[in-house]
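# A look at the structure
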Amino acid sequence: MSDASLIYFDNNATTKTDPAVVKAMMPYLTEEYGNPSSAYRFGKHAAEAVERARGQVAQLLGCEPKEILFTSCGTESNNAAINSALTMDPDRQHVITTRVEHSAIIKHGEWLAKRGCEVTWLGVDEKGQIDLKELERAIRPDTAIVSAMWANNETGVLFPVEEIAAIVHSKRVLFHTDAVQAVGKVPINLAHAHSHINFLSVSGHKLHCPKGVGVLYVNRRTRFNPYLMGGGQEHGKRAGTENVPYCVALGEAAELAGKHMAHEDHAVRALRDDFESKVLETIQDTHVNGDRDHRLPNTTSIVFEGIDSEAVLLLLDQAGICCSAGSACTTGSVHPSHVLKAMGFSTERARSSLRFSFSRYNTAAEVERGLEILRGVIGKLRRMSMAA
Ligand SMILES: *Cc1c(COP(=O)(O)O)cnc(C)c1O
């Protein structure tokens, strides 16, 4: 399949790398191979490149460069924040999170629960929102950390993270947010409005950067216990020689994300809204999943009643369209989306849902063509089920 015919509506799974990002990292994959820890100037070049990238990420998040810790991915950032909190105090081994988190939190939480930690799983309503009163009641003297995502990868629903952080802070408990889907799509300013956030996770490949690099923001007043031990890299917070080209890439991607944020909010939102409203208007028995008023500008999760979303994916794939039936990490398994189930949806409704997620690389022409193909596919499947 040629790239030109591909319509990529799965930007919450991963994103196209920006050519400017690849260009920025290229020297560090080739001639600038110095070790940032080396004392000579050749090493210092690499160290300077990493520090520049740290500054670029800090700029996007509105924090200080020293609060940026480079990791290998969003998953590592999430695991690291919770592990750090749990190693702080043996008498605080209670974790609070939600039922709609990414598997990078859910699976870790399940593992911790088997290892003797107590985990409270906060449920959500049919819009995908948690109950802040329930959260407040769940916090105990032995709670080590609360982790709640900024934006849901399946529905795009935004949690009121500032409010959550303030509640958690008032109980003197640490707060982590998985902001992988929010960074670059909604404004984040850690220095001001959200100063009660202790840890925040970022992933490069959701941000037009290559896969395999992430960031954990660690508030400068928050203690962090490393779990990778060795050299003193990353201010002693994460040993291991820095992945210089990928740090540079993420820095560049962060700077570009800042520049394109307004575009994401207007042009990408317009594409999403156009696609969504035309699906609802022209395809019968369709509904949007989740809180439409508090949602990422690029995501729509839509139920097509009576349709098996896996069958739609297959037919769309044949037509060169990429989208998702729930989270990428659970695709291939027969389990319906844990997010939609947590919202109280039946297994059938969850199995009839598709997620379309857009980016600055999508066009109005793609939306038109995608809609046409989608209408054809849904019509075909409905006629087949009528005939059966
Ligand atoms: C993709 C994603 C992750 C995992 O990030 P990786 O870099 O792929 O490990 C975590 N949380 C959310 C919400 C995501 O969408």
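A word on the packing of helix H1 (residues 19–29) against helix H7 (residues 244–282). Where H1 contacts H7, the axes come no closer than 8 Å and their chain directions differ by 155°. Here H1 lies roughly antiparallel to H7, going by the angle between them. For the element pair H1 and H7, the recorded crossing hand is right-handed. In contact with Ala-20, Val-21, Ala-24, Met-25, Tyr-28 and Leu-29 of H1, H7 contributes Val-244, Pro-245, Tyr-246, Val-248, Ala-249, Glu-252, Ala-253 and Leu-256. Tallied by class, residues from the contact of H1 with H7 come to 13 nonpolar, no polar and one charged.

Among the structural elements, Ser-357 can be located in strand E12 (residues 353–357). Of the polar contacts made by the side chain of Ser-357, one reaches the backbone nitrogen of Asn-11; its length is 2.9 Å. A polar atom in the side chain of Ser-357 sits 2.9 Å from the backbone nitrogen of Asn-12.

Attention now goes to the packing of helix H2 (residues 41–61) against H7. Where H2 contacts H7, the axes come no closer than 8 Å and their chain directions differ by 30°. If you check the angle between H2 and H7, you find them roughly parallel. Of the two elements, H2 crosses H7, and the hand of that crossing is left-handed. Only Val-244, Cys-247, Val-248, Leu-250, Gly-251, Glu-252, Ala-254, Glu-255, Ala-257, Gly-258 and Met-261 of H7 make contact with H2, whose side of the interface consists of Ala-46, Ala-49, Val-50, Ala-53, Gln-56, Val-57 and Leu-60. Residue composition of the contact of H2 with H7, grouped by class: 13 nonpolar, three polar and two charged.

As summarised here, the arrangement of the three strands in space is E9-E10-E12, forming an open sheet in which the pairing is antiparallel. Of all the strands in the sheet, just strand E9 (286–288) and E12 have a single pairing partner and so form its edges. Averaged over all pairs of adjacent strands, the angle between strand axes in this sheet comes to 30°, irrespective of strand direction. Bridging between strand E10 (residues 299–304) and E12 involves five bridges; their strand directions are antiparallel. Bridge assignment links Thr-300 to a residue of E12, and that residue is Phe-356. Taken strand by strand, H7 contacts E9, E10 and E12, and its axis lies near 10° from that of E10.

Turning our eyes to something else, we now look at the domain arrangement of the protein chain. Frequently, the measure chosen for interface size is the accessible area removed from exposure when the parts meet. Annotation of the protein chain at the domain level lists domain 1 (3–16 + 261–387) and domain 2 (19–259). Between domain 1 and domain 2, the C-alpha centre-to-centre distance is 28 Å. Between domain 1 and domain 2, the contact holds 32 residues from the first and 38 residues from the second. Across the domain 1 to domain 2 interface the summed buried area is about 2800 Å²; carbon plus sulfur atoms make up 55%. For the interface between domain 1 and domain 2, the tally reads zero salt bridges. Along the contact surface separating domain 1 from domain 2 lie 17 residue pairs in polar contact (both at pLDDT 80 or more). Secondary structure elements with two or more residues in the side of domain 1 that touches domain 2: H7, E10 and helix H9 (338–342). The dominant element in the side of domain 1 that touches domain 2, judged by the number of residues it contributes, is H9, at four residues. Here the residues of the side of domain 1 that touches domain 2 sort into eleven nonpolar, 15 polar and six charged.

Evaluation of the coordinates by the stated rule reveals zero disulfides. This cysteine, Cys-322, is not joined by any disulfide, and Cys-323 carries the nearest cysteine sulfur, 8.0 Å off.

Either a parallel or an antiparallel arrangement is found when strands of a sheet pair, and the pairing is made through backbone hydrogen bonds. Reading across the sheet, the seven strands line up as E2-E8-E7-E6-E5-E3-E4 and stay open at both edges, with mixed pairing between neighbours. A single partner strand is all that each edge strand has here, and the edge strands are strand E2 (68–71) and strand E4 (118–122). For this sheet, the mean angle separating the axes of adjacent strands, direction not counted, is 20°. Along the sheet face, H2 touches E2, strand E7 (199–203) and strand E8 (214–218) and points at about 115° away from the line of E2. Contacts from helix H6 (residues 161–170) reach strand E5 (143–147) and strand E6 (174–178), with the element oriented near 160° to E6.

Under the defined criterion, the tally for this structure stands at six aromatic pairs. Taking 4.8 Å as the distance between ring centres and 55° as the angle between the ring planes, the aromatic pair formed by Phe-9 and Phe-358 counts as tilted. Of this pair, Phe-9 sits in the loop between strand E1 (7–8) and H1 while Phe-358 sits in the loop between E12 and helix H11 (364–387), and the two are 349 residues apart along the sequence. Residue Phe-9 shares its accessibility class with Phe-358, and that shared class is buried. Three or more aromatic residues joined by ring pairs form one cluster here, namely Phe-9, Phe-275, Phe-356 and Phe-358. Across the ring face of Tyr-361, the terminal group of Lys-16 is positioned such that the distance to the ring centre comes to 5.4 Å.

So, on to the site of the ligand. Near the ligand, the surroundings consist of Cys-73, Gly-74, Thr-75, His-102, Met-149, Asn-153, Asp-178, Val-180, Gln-181, Ser-203, His-205 and Lys-206. Interatomic distance of 2.8 Å between a backbone N/O atom of Gly-74 and an oxygen atom of the ligand. In the environment of the ligand, an oxygen atom lies 2.8 Å from a nitrogen or oxygen atom belonging to the side chain of Lys-206. Here the ligand has 380 Å² of accessible area as a free molecule, and 90% of this is covered by the chains.

About the thresholds
- Residues numbered from 1 in each chain as written.
- Predicted model: local features only at pLDDT ≥ 70, side-chain atom pairs only at ≥ 80, totals over all residues.
- Heavy atoms only, no water.
- Axes fitted to C-alpha atoms, helices over the stretch in contact; angles between N-to-C directions.
- Helix = DSSP H or I, 4+ residues; strand = E, 2+ residues; numbered from the N terminus.
- Parallel < 35°, antiparallel > 145°, perpendicular 65-115°, else oblique.
- Left-handed = near helix turned anticlockwise from the far one by under 90°.
- Contact = heavy atoms within 4.5 Å.
- Nonpolar A, V, L, I, M, F, W, Y, C, P; charged D, E, K, R; others polar.
- Polar contact = N/O pair within 3.5 Å; in protein donor to acceptor, adjacent residues only side chain to side chain.
- Pairing = 2+ DSSP bridges.
- Domains from an automatic or database assignment.
- Buried area = accessible area lost by both parts, 1.4 Å probe.
- Salt bridge = Lys/Arg side-chain N within 4 Å of Asp/Glu carboxyl O.
- Disulfide = S-S within 2.5 Å.
- Phe/Tyr/Trp six-rings, centres within 6.5 Å; stacked < 30°, edge-to-face > 60°.
- Buried < 20%, exposed > 50% of the residue type's maximum accessible area, 1.4 Å probe, protein only.
- Lys NZ or Arg CZ within 6 Å of the ring centre and 35° of its normal.
- Near = heavy atom within 4 Å.
- Areas by Shrake-Rupley, 256 points an atom, 1.4 Å probe, with all protein chains shown as cover.

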